[in-house]
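Structure at a glance
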Amino acid sequence: MIGWRWAAARLGGTVLTLFGVTAVVFIVLRLIPGDAITAALGIESGALTPAQRAALEYQYGTDRPWIVQFADWLGQLLRGDLGLSLTSGKSVGGLIAAALPVTVELAVLAAAMGTVTGVALGVLAGSGPGRARDSVTQGVTLVGLAVPEFVLGTTVVVLLAEAFGYFPDTGTFVPLTESLAGNLSQLMYPALVLAVGFAANVVRATRSEFVEIAEADFVRTARGKGLPAARVRLAHILRNAWVPIVTLTGIQFGYLLGGTVIVEHVFALPGMGRLLYTAISDRDYPVVQGAVLVIAALFVLINLATDLVYRALDPRTRAS
Amino acid sequence: MTAGTAAAAPRADHLVARIWRDGNGRIGLVVTGLLVLAAVLGVLGVLPHDPLAQAPADRLQGPSAAHWLGTDQFGRDVAARTASGIGTSLRVAVLSVAIACVAGSLLGVLAGFFRGWADQVIGRVIDVLFAFPALLLALAVVSALGSGWQNAAVAIAVVYTPIFARVARGPTLSVARSEYVKAAQVLGLPVRRILFRHVLPNVAAPILVQVTLALSWAILTESALSFLGLGTQPPQPSLGLMVSEARDIAALAWWVLAIPALAIVIAVIGLNLLGDGLRGAADPRSRTGGDR
């Protein structure tokens, strides 16, 4: 009962947050950049007579109070209408529908690689705190957290060109539906770049959980019973450490969506990040708005899902 | 006033000494000192080479006695450009973190001290800003304001303000309920005096730790925005821009990519270690190297 009430409250909060997100996007991208007319016409807008400008303002609806504009825009959003791109004239919804699968696939690949590597290294470091393998892992983690994606990505691109004569921005993108091998060969390296920072965070969380749980009484009992060390680590410690690790993975997955902007730019992948980057460069505000809104909404929903999963996995959180 | 300054000075000495005793903190202090030195040398223009001076005859030279860290595709000195780029990054980082720290701490202290509707409103706004991945919010602000280092600084400040607000609010809640604040209220001291003399000094430690972490994130973000062409504009040297420009020539001249890349990584590690050391020094009970 209490679980359901909590979930309903959390869901209500999410709806409120999503509304706030649209308000922020509206304020930042609609009110600050001046009007749609300047955005659409560029420098030519300076040559408009006052009468022409008034007519255009009427046509775009920018002569109405901003609260009316906001309500109008929200209404369009709720009908799934994100407007038209200023540069290509295509529907923003269609552009996003084409780009989103690439980004989601990239993020899933990166999260999978990062989680597996991160948990393995975290267990390695956490099972011998203070030993050489712990110090080495911690050092590697520190560097992994500090190397930005654009530095790592650029380095990988340079090395790929040197070693295999492979240039990501020549050639066309192969979708997953066309060829699995061709698609993976294009997404593997960018996913690897994204996975490094992800893994570093998972290592830190796994290690600290592992060290903490290893001091618990039930672990001492298990050791005292004479169970093999590997069995204690996997069946007793890791089994109790995995809930926070899952939570961290969920939160990190949301942050991957931000990181894809850089990596898709470096590796020339036609995902959300590149769509957003191109739109920012072209001052194509409807596309910027749509892309920012969709990524932020995804981020909010992933955090909600993480929260729900966490509650479902860990009975202790339900009691309080 | 005299009592305040007299008490504050030895405390600051203590803090630095305590960070110095911590192994990681010491590395952080040294690295940060070197960064500031490089930035000051770059800004003052007392380097042996002009970071903007082109010399086509000397292009893509490896490290040598004349050019310690080599030259780039325009024959510009990489060492001078890196030092100057560190200066650019630090300038943006310090400016943005200063704005975020003042605005965020103020909002957080107000929310935590007055509770009620102020807390509700500020809390809601913070929640909404946290609903954006950090880099995405920075990109949205930059796309609205246009490129350039000043706008990059504003964008980073917008992202970090809610973080400072959250960091300041928590401790303020408990300080506001403490006996000494109640005593000050009973004495009838003005609210401003209570906030600045009684509350703020007692919530300063976590804010200070956040400042070093924010600085490292700001350097990362400034370079990422410049890498995308949305931050510092050429020919002004910036670490992110240098990495971006190096992409097509790094196969011929590794130093053009490696030097600015290393500078970013070292700066971020140094500030993070300083933050860890500061956390340990400001609160002896906390263990260093815990959460992010």
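Residues numbered from 1 in each chain as written. Chains lettered and ligands numbered in written order. Predicted model: local features only at pLDDT ≥ 70, side-chain atom pairs only at ≥ 80, totals over all residues. Heavy atoms only, no water.

Counting its secondary structure elements, chain A contains 13 helices and 0 strands. Counting from the amino terminus, helix and strand elements in chain A follow one another as α-α-α-α-α-α-α-α-α-α-α-α-α. Within chain A, the fraction of its 320 residues that count as buried is 42%. Nonlocal contacts in chain A, meaning residues at least 24 apart in sequence, comprise 73% of its contacts between residues at least 6 apart. (Helix = DSSP H or I, 4+ residues; strand = E, 2+ residues; numbered from the N terminus. Buried < 20%, exposed > 50% of the residue type's maximum accessible area, 1.4 Å probe, protein only. Contact = heavy atoms within 4.5 Å.)

On to the side chain of Ser-127 of chain A, then. Residues and elements named next belong to chain A. Summarising the element assignment, Ser-127 is placed in the loop between α5 (92-126) and α6 (132-146). Looking at Ser-127, its side chain comes within polar contact range of the main-chain oxygen of Leu-124, at 3.2 Å. The contacts of Ser-127, once residues within four sequence positions are left out, are Arg-133, Phe-210 and Arg-233. (Polar contact = N/O pair within 3.5 Å; in protein donor to acceptor, adjacent residues only side chain to side chain.)

It is worth spelling out the packing of aromatic side chains at this point. In the structure shown here, the tally under the stated rule is 9 aromatic pairs over all chains. Ring geometry for Phe-70 of chain A versus Trp-73 of chain A: centroids 6.4 Å apart, planes at 35°, classification tilted. Highlighted residues: Phe-70 of chain A and Trp-73 of chain A, both in helix α4 (residues 66-78), separated by 3 residues, approximately one helical turn. When sorted by exposure, Phe-70 of chain A lands in the same class as Trp-73 of chain A, which is buried. On the numbers, 5.9 Å between centres and 55° between planes, the contact of Tyr-160 of chain B with Phe-164 of chain B is tilted. (Phe/Tyr/Trp six-rings, centres within 6.5 Å; stacked < 30°, edge-to-face > 60°.)

We now examine the environment of Ala-51 of chain A. All names here are of chain A. Mapped onto the elements, Ala-51 comes out in helix α3 (residues 50-60). Classification of Ala-51 by relative accessible area gives exposed; the value is 57%. Sequence-wise, Ala-51 and Ala-112 are 61 residues apart; in three dimensions their C-alpha atoms are separated by 58 Å.

If you look at the biggest cluster of nonpolar residues, it comprises 150 residues, and the most contacted ones within it are Val-21, Phe-267, Leu-276 and Val-292 of chain A together with Phe-132, Leu-139 and Phe-164 of chain B. Of the domains in this structure, domain 1 (4-78) and domain 2 (92-319) of chain A are the two that each give at least three residues to this core. Counting 7 residues, the second-largest nonpolar core is a separate cluster that includes Leu-15, Ile-19, Leu-278 and Ala-281 of chain B. (Core = buried A, V, L, I, M, F, W, Y, C linked by side-chain atoms within 4.5 Å. Domains from an automatic or database assignment.)

Right, let's get into the environment of Thr-32 of chain B. Residues and elements named next belong to chain B. Take Thr-32: it is sitting in helix α2 (residues 23-44). As a C-alpha pair, Thr-32 and Ala-83 span 51 residues in sequence and 13 Å in three-dimensional space. When near neighbours in sequence (up to four residues on either side) are disregarded, Thr-32 contacts Gly-270, Leu-271 and Leu-274.

A few words now on the interface of chain A and chain B. The partner chain B presents 40 residues to the 44 residues of chain A that form the contact. Between chain A and chain B lies a buried interface of about 3500 Å² when both sides are counted; carbon and sulfur atoms form 78% of it. Taken together, chain A and chain B are joined by 0 salt bridges. Of all the secondary-structure elements, those providing two or more residues to the side of chain A that touches chain B are α1 (2-31), α6, α7 (149-164), α8 (180-213), α10 (229-267), α11 (272-282) and α12 (285-313) of chain A. Tallied by class, the residues present in the side of chain A that touches chain B amount to 31 nonpolar, 9 polar and 4 charged. (Buried area = accessible area lost by both parts, 1.4 Å probe. Salt bridge = Lys/Arg side-chain N within 4 Å of Asp/Glu carboxyl O. Nonpolar A, V, L, I, M, F, W, Y, C, P; charged D, E, K, R; others polar.)

This paragraph deals with the packing of helix α7 (residues 179-186) of chain B against helix α8 (residues 191-199) of chain B. Residues and elements named next belong to chain B. Where α7 meets α8, the closest approach of the two axes is 11 Å, and the angle between their N-to-C directions is 150°. Considered as vectors, α7 and α8 are oriented roughly antiparallel to each other. Helix-helix and strand crossings are classified by hand; for α7 and α8 the assignment is right-handed. Residues Tyr-180, Val-181, Ala-184 and Gln-185 of α7 touch α8, and the partners they reach there are Ile-194, His-198 and Val-199. Counted by class, the contact of α7 with α8 contains 5 nonpolar, 2 polar and no charged residues. (Axes fitted to C-alpha atoms, helices over the stretch in contact; angles between N-to-C directions. Parallel < 35°, antiparallel > 145°, perpendicular 65-115°, else oblique. Left-handed = near helix turned anticlockwise from the far one by under 90°.)

Right, let's talk about the domain arrangement of chain A for a bit. Residue and element names in this part refer to chain A. Along its sequence, chain A is organised into domain 1 (4-78) and domain 2 (92-319). With 16 residues of domain 1 in contact, the opposing surface of domain 2 contributes 14 residues. For the pair domain 1 and domain 2, the summed buried surface comes to about 1400 Å²; carbon and sulfur atoms form 79% of the total. Among the residues of domain 1 in contact with domain 2, Trp-6, Arg-10 and Leu-29 are the three that bury the most area, contributing 39% of the side total. Counting across the interface, domain 1 meets domain 2 through 1 salt bridge. Counting every contact that joins domain 1 to domain 2 gives 2 residue pairs in polar contact (both at pLDDT 80 or more). Of all elements in the fold, only α1 and α4 reach the threshold of two or more residues within the side of domain 1 that touches domain 2. Within the side of domain 1 that touches domain 2, the residues separate by chemical class into 11 nonpolar, 3 polar and 2 charged.

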